[in-house]
Amino acid sequence: MIGEGGGISGAYTNFWLLPNGKIYRREQSDSLYIQMNSMPGRIARRYFREVRGVFENNGDKPLPDNIFKSIIWQQKGIQKTFNWMYSNEKTEKAEEFYNYLLREMYEHNPTATR
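Notes on the structure in this doc start here. (Residues numbered from 1 in each chain as written. Predicted model: local features only at pLDDT ≥ 70, side-chain atom pairs only at ≥ 80, totals over all residues. Heavy atoms only, no water.)

1. Section: the sheet that holds strand β5 (residues 67-75)
Ordered in space as β4-β3-β2-β1-β5-β6, the six strands form an open sheet in which the pairing is antiparallel. Each edge of the open sheet is held by one strand with a lone partner, namely β4 (34-35) and β6 (78-84). Bridging between strand β1 (residues 2-6) and β5 involves five bridges; their strand directions are antiparallel. Each residue of the ladder has a partner; that of G5, found in β5, is F68. (Pairing = 2+ DSSP bridges. Helix = DSSP H or I, 4+ residues; strand = E, 2+ residues; numbered from the N terminus.)

Structure below.
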């Protein structure tokens, strides 16, 4: 899952990507995840291979009222979370992965709003 949000309003958006390429989106105001158009499974599985490299460094602990981004990876009962607020050399790999995956999801969902 990738997501961003926080700030004074506390609003957030989360995206879940499954290994088969299905994409789900949830805004804070939504009670359920909404299925978006899928991406090819081979592309989704590539992200699952690449995400492990994101967790080489530790992210930041989001402070109250600050906007932050997160990447959560879960497989076989193991979950890892990487949060960050500002781009720096420690978060560079996570930021690159996040932006690339988000762009890919929107390419497969051209009518979705950001």
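2. Remarks on unusual backbone geometry
Positive phi is not limited to glycine here, since K76 has a value of about 50 degrees. Residue position: K76 is located in the loop between β5 and β6. Assessed through its relative accessible area of 80%, K76 is described here as exposed. (Buried < 20%, exposed > 50% of the residue type's maximum accessible area, 1.4 Å probe, protein only.)

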